[in-house]
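Overview (structure and organization)
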Amino acid sequence: MTHTATQRINLSAPWIDERDEELVLEVLRSGWLSLGPTGPRFEAMLADAVGAPHCAAVSSGTAGLHLCMRLAGVGPGDEVITSPYSFVASANCAIYEGATPVFADIDPQTYNLDPAAVEAAITPRTKALVAVDIFGYPAEYDALIALCERHGIFLVEDSCEALGATYKGRPLGSHGHPAVWAFYPNKQMTTGEGGAVTTASDEQHELLVSLRNQGRLETSSWLQHGRLGFNYRLDDISAALGIGQLEKLDRILAARREVAARYGELLADVDVETPIPDDADHGRSWFVYVVKLPAGVDRNGVMARLAEQRIATAPYLPSIHLQSYMRERYGFSEGMLPVSEDCSARTMALPFHARLDRSDQERVAEALRDAIR
Ligand SMILES: Cc1ncc(COP(=O)(O)O)c(C=O)c1O
């Protein structure tokens, strides 16, 4: 076995270059590490990138989702509908405000919320819908927006995995309702930790800016607080990295598209379901590369075979309602959301990032082909 053949292939990797280093160093040397001029510059660039009038940077995607629950006025006794096939934060944000998460089942191909299932889950207590663009694939916004308008439900878009994606030819983030972004290092772009909320509403933006900064009002001095808020600020060091990442966002997204297309070719003769392709309405931004194994294939066995060859994979994503704390708290159990549960049992993330090279992808495809056979 050659040296390269045994090199570990990681699940994800950020793309950091000298420009990022330079921008971060500039902030470090300025001595102005938080709430300086860099945060607003980052926010303006991000707002521009997603076509939103306003952007409030926050400390994580989770923090952004939590603040959106405040925008919606979610509280005890309310229900918030979301997808079970997502990262836990999509549901946890409702629980933080004392509301109950309600899960609607998903489409087996897009892995996004099925609008008919959302409609069936609506009750008089439904206050908000957290729609998720899972794996960077836009959710069904025409149908979801219509449902929300008809039933007076506040729509939040969890676009934490979807920076750069488009719905009906327009970027996610430009459709009016608040959208939440996340910049953990496995995302399309990173700020280390970090996130943002974009919105078209002046009022929502003003509230977000206050809530993320301990409830301070724009008009008040530093130690005057007009409401209960949080410390969900993003520091200027992280924002500087964000600027470097946004400067090359187009290159990052193009590289990720290319890597995804290569997987598509390499896996053409492997017995797995590859991600649904784009159509006229849905333009994916590639976040992860998730394949669905045929029913009956032992996924743990496949993952173990790949691990032996130093190829990282993940059982991505587990259904949120079956996490132990969810079962204990709400009595959720298997069989409630059959499509999500079936996807959770069969889907698997392969190594994926902007600079994954072809030879590594060939190794992954070969190992997967062998393992499934
Ligand atoms: C769909 C989704 N929602 C929310 C989050 C939360 O973002 P963060 O990890 O920045 O809190 C993530 C990121 O992991 C995510 O993938």
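Refer to the structure above for everything that follows.
All of the points below concern the structure found in this document. (Residues numbered from 1 in each chain as written. Predicted model: local features only at pLDDT ≥ 70, side-chain atom pairs only at ≥ 80, totals over all residues. Heavy atoms only, no water.)

1. Remarks on the overall build of the chain
The number of helices and strands found in the chain is 14 helices and 12 strands. Scaling as 2.2 N^0.38, a compact globule of 373 residues should have a C-alpha radius of gyration of about 21 Å, and the chain matches this with 21 Å. In terms of overall dimensions, the chain has C-alpha extents of about 65 × 55 × 40 Å along its principal axes. For the chain, restricting intrachain contacts to residue pairs at least 6 apart in sequence, the fraction spanning at least 24 positions comes to 72%. Roughly 15,800 Å² of accessible area belongs to the chain as shown, and the carbon and sulfur atoms make up 51% of that amount. (Helix = DSSP H or I, 4+ residues; strand = E, 2+ residues; numbered from the N terminus. Rg over C-alpha atoms; globule rule 2.2 N^0.38 Å. Contact = heavy atoms within 4.5 Å. Areas by Shrake-Rupley, 256 points an atom, 1.4 Å probe, with all protein chains shown as cover.)

2. Quick look at the pairing of strand β9 (residues 195-199)
In terms of residue burial, β9 counts as a mostly covered element, since 5 of its 5 residues are buried. Side chains of β9 alternate between two faces, with G195, V197 and T199 and A196 and T198 buried alike. Of the strand pairs in this sheet, strand β1 (residues 54-58) and β9 are connected by 5 bridges, and their pairing is antiparallel. Residue pairing in the sheet places C55 in a bridge with T198 of β9. Pairing geometry for strand β8 (residues 179-182) and β9, over 4 bridges, is antiparallel. Opposite A179, over in β9, you have T198 as the bridge partner. (Buried < 20%, exposed > 50% of the residue type's maximum accessible area, 1.4 Å probe, protein only. Pairing = 2+ DSSP bridges.)

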